[in-house]
Number of protein chains: 2
Amino acid sequence: MTSRGQILAAARRLIDRDGWEQLSIRKLAAEIGVGATTLYHHVQDKEDLLFLLIHEAGEQVPHPDLPDEPGERIVVAAMTIHDALAAWPWAAEVLTTDGFIARLGDSALGLVEVIVAAAIQRGCTPDQAVHVFRGIWYYTVGEILVRSHSARRRESNQPVYRDALFGSLDPAKLPHLASLGERWAALAARDTYSDGLRALVNGLLAQGGCAAPQVP
Amino acid sequence: MTSRGQILAAARRLIDRDGWEQLSIRKLAAEIGVGATTLYHHVQDKEDLLFLLIHEAGEQVPHPDLPDEPGERIVVAAMTIHDALAAWPWAAEVLTTDGFIARLGDSALGLVEVIVAAAIQRGCTPDQAVHVFRGIWYYTVGEILVRSHSARRRESNQPVYRDALFGSLDPAKLPHLASLGERWAALAARDTYSDGLRALVNGLLAQGGCAAPQVP
DNA sequence: ACCTGAACACCGTTCAAGT
DNA sequence: ACCTGAACACCGTTCAAGT
């Protein structure tokens with residue numbers, strides 16, 4: 001009676017409604033109207049359930065229009081990955097596990113392929129191209145996690161730390177931070193993912209033999 | 001009888017022994033030899049407990065010898081932060097919360113100050129300097145989390161995915177990934193944090209007016 | 001096959017009651 | 001003040017028993 005598809009659909013529904021931290025096997029079973037233990041006949045684990053959800057989500061990541069210039073192509077592919085993860089921040093948390101990316105479907109991996117291929121086109125060796133991808137991956141995952149954890153905190157409970165934020169620093173020891181003061185919070189709230197990404201990609205491609213004429 | 005210091009010491013002991021995911025209020029109380037509810041007289045929350053632990057850890061981060069060249073100074077400061085977080089990966093998880101950095105002590109913030117000051121010395125505006133720090137922060141946190149989650153998985157249960165790793169990809173759709181094949185795992189295991197960091201810092205400093213003569 | 005409730009071994013936190 | 005056990009409202013997972 002109960003099917004895997006039904007379970008995944010209900011899980012997506014609950015995550016959208018209550019956030020992914022709130023998802024539990026017991027609540028999920030209740031949502032479907034079934035005993036908690038029933039789910040274990042259709043899914044190995046809670047972890048397995050998350051894998052299946054991420055796999056499904058990965059299949060739905062759109063393939064963007066890719067520009068010709070390789071560096072720009074890397075930026076667009078990375079931003080597509082970023083935007084997909086921003087919509088499912090819980091996926092970012094699970095995907096921090098190494099070798100996990102490989103379990104995504106061909107569709108999501110297509111964007112990884114785009115980045116690696118473009119780096120090679122720009123003169124990287126395959127090894128260097130993997131290094132380029134990893135750098136982008138770290139930066140992207142970090143941004144997503146900081147963003148989503150901060151958002152969660154903001155909405156739920158404490159704007160308490162807001163005023164603790166660089167308000168009362170010792171200007172003798174930390175002159176620049178003290179003079180930035182409250183402005184830090186405003187600056188940190190700005191979305192600078194793409195600016196930082198461009199800087200990173202330029203830096204990575206310029207590094208160690210991947211250098212090529214910077215197309216304007 | 002029970003003191004805050006005693007609690008923090010016991011917590012550090014348990015984290016070192018069993019990993020931070022295993023730390024619970026109840027186990028912590030048992031380790032001290034006290035009722036679980038007793039802890040709530042010395043600490044607000046489990047979250048509060050983690051804050052205190054991080055604050056304490058931050059005080060112990062060493063101040064490195066800093067090179068003169070600003071770009072290199074940024075790299076050294078970032079690597080110091082990175083190495084400290086690598087020793088306490090659970091701190092990285094908690095610190096992903098925005099505005100949380102600000103609750104560290106002056107000692108740990110000193111490294112943030114170093115980065116911001118060096119960026120300004122290289123010609124950044126204060127706003128751009130914060131942007132530089134944020135980019136470094138995202139990259140660093142991402143690397144730490146990917147590294148620690150992967151390590152946890154490796155040691156505990158599954159080397160299962162190892163062979164699922166890019167072993168059976170469609171070479172027609174994903175030619176570069178397919179030809180990398182099993183090599184991906186070996187490349188991903190390499191520590192390339194500092195290489196990527198240098199690329200990022202160079203890219204960030206070259207960006208938007210922070211440009212200055214690249215000191216050799 | 002598919003589903004179930006009871007049970008196990010846990011959580012964080014509150015609260016009235018004790019010294 | 002400092003500590004406590006009982007209780008509340010949860011977890012993921014196993015397992016023998018049912019249809």
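Nothing here was measured: the structure is a model prediction, and the numbers come from that model.

A look at helix α2 (residues 25-32) of chain B
Residue and element names in this part refer to chain B.
- The set of residues buried in α2 consists of I25, L28, A29 and I32. Angular distribution of buried residues about the axis of α2 spans 100°; they occupy a single face of the element. Turned more than 90 degrees away from the buried face of α2 sit R26 and A30, all of them exposed.
- Following α2 by one or two positions, G33 adopts a phi angle in the positive range, close to 85°.

A short note on the environment of T2 of chain B
Residue and element names in this part refer to chain B.
- Residue position: T2 is located in the segment before α1 (4-18).
- Exposure remark for T2: the relative accessible area of 15% places this residue in the buried category.
- Aside from chain neighbours lying at most four places away, what touches T2 is I7, I32, V34, T38 and H42.

Quick notes on the domain arrangement of chain A
All names here are of chain A.
- Domain assignment breaks chain A into domain 1 (4-58) and domain 2 (64-207).
- In this assembly, 10 residues from domain 1 lie in contact with 13 residues from domain 2.
- Taken together, the two surfaces of domain 1 and domain 2 that pack against each other cover about 1,100 Å², and 77% of this comes from carbon and sulfur.
- By the criterion of area lost to domain 2, the three top residues of domain 1 are W20, F51 and I54, representing 48% of everything that side buries.
- On the surface where domain 1 and domain 2 come into contact, there are zero residue pairs in polar contact (both at pLDDT 80 or more).
- Looking at the side of domain 1 that touches domain 2 element by element, the count peaks at seven residues for helix α3 (residues 46-59).
- Across the side of domain 1 that touches domain 2, the residue classes break down as seven nonpolar, two polar and one charged.

Regarding the interface of chain A and chain B
- On the chain B side, the residues contacting the 63 residues of chain A number 62 residues.
- A salt bridge links K173 of chain B to D106 of chain A, with the nearest nitrogen and oxygen atoms 3.7 Å apart.
- For the side of chain A that touches chain B, the elements supplying multiple residues, two or more each, are α3, α6 (106-121), α7 (126-156), α8 (161-164), α9 (175-180), α10 (183-189) and α11 (193-206) of chain A.
- Examining the composition of the side of chain A that touches chain B, we find that 19 residues originate from one element, α7 of chain A, more than from any other.
- Of the residues that constitute the side of chain A that touches chain B, the class distribution is 31 nonpolar, 15 polar and 17 charged.

Some thoughts on the protein's contact with DNA strand C
- Near DNA strand C lie 18 residues; those nearest to it are T38 and H42 of chain A together with R26, K27 and T37 of chain B.
- Here, DNA strand C places atoms within 4 Å of the protein, and 44% of those atoms are sugar or phosphate.
- T37 of chain A is positioned with one of its side-chain polar atoms (N or O) 2.8 Å from a base oxygen of DNA strand C.
- H41 of chain A is positioned with one of its side-chain polar atoms (N or O) 3.2 Å from a base nitrogen of DNA strand C.
- Looking at the surface near DNA strand C element by element, the count peaks at three residues for α2 of chain B.
- Grouping the amino acids of the surface near DNA strand C by side-chain chemistry returns five nonpolar, eight polar and five charged.

Let's talk about the protein's contact with DNA strand D
- Taken together, 18 residues surround DNA strand D, and among them R26, K27 and T37 of chain A together with T38 and H42 of chain B come closest.
- Near-protein atoms of DNA strand D (within 4 Å) split between backbone and bases, with sugar and phosphate holding 45%.
- Within the backbone of M1 of chain B, one N or O atom sits 3.2 Å away from a phosphate oxygen of DNA strand D.
- Between DNA strand D and T38 of chain B there is a distance of 2.3 Å, counted from a phosphate oxygen to a side-chain nitrogen or oxygen.
- At three residues, helix α2 (residues 25-32) of chain A tops the list of elements feeding residues into the surface near DNA strand D.

Some words on the environment of T125 of chain A
- Tracing the backbone shows T125 of chain A in the loop between α6 and α7.
- Residues T125 of chain A and A151 of chain A, spaced 26 residues apart in sequence, show a C-alpha to C-alpha distance of 39 Å.

Describing the side chain of R122 of chain B
- By the secondary structure assignment, R122 of chain B is in the loop between α6 (106-121) and α7 (126-156).
- Within the structure, R122 of chain B has its side chain in polar contact with the side chain of E69 of chain B (distance 3.0 Å).

Focus on the relation of the copies chain A and chain B
- Mapping chain A onto chain B calls for a screw motion: a turn of 180° about the axis and a shift of 0.0 Å along it, with 0.0 Å RMSD after fitting. When the rotation and shift are considered jointly, the pair of chain copies conforms to a two-fold rotation axis.
- The fraction of interface residues of chain A whose copies in chain B are also interface residues reaches 98%, indicating that both copies meet through the same surface.

Calculation criteria
- Residues numbered from 1 in each chain as written.
- Chains lettered and ligands numbered in written order.
- Predicted model: local features only at pLDDT ≥ 70, side-chain atom pairs only at ≥ 80, totals over all residues.
- Heavy atoms only, no water.
- Buried < 20%, exposed > 50% of the residue type's maximum accessible area, 1.4 Å probe, protein only.
- Helix = DSSP H or I, 4+ residues; strand = E, 2+ residues; numbered from the N terminus.
- Arc of directions from axis to C-beta.
- Contact = heavy atoms within 4.5 Å.
- Domains from an automatic or database assignment.
- Buried area = accessible area lost by both parts, 1.4 Å probe.
- Polar contact = N/O pair within 3.5 Å; in protein donor to acceptor, adjacent residues only side chain to side chain.
- Nonpolar A, V, L, I, M, F, W, Y, C, P; charged D, E, K, R; others polar.
- Salt bridge = Lys/Arg side-chain N within 4 Å of Asp/Glu carboxyl O.
- Near = heavy atom within 4 Å.
- Least-squares fit on C-alpha atoms with pLDDT ≥ 70 in both.

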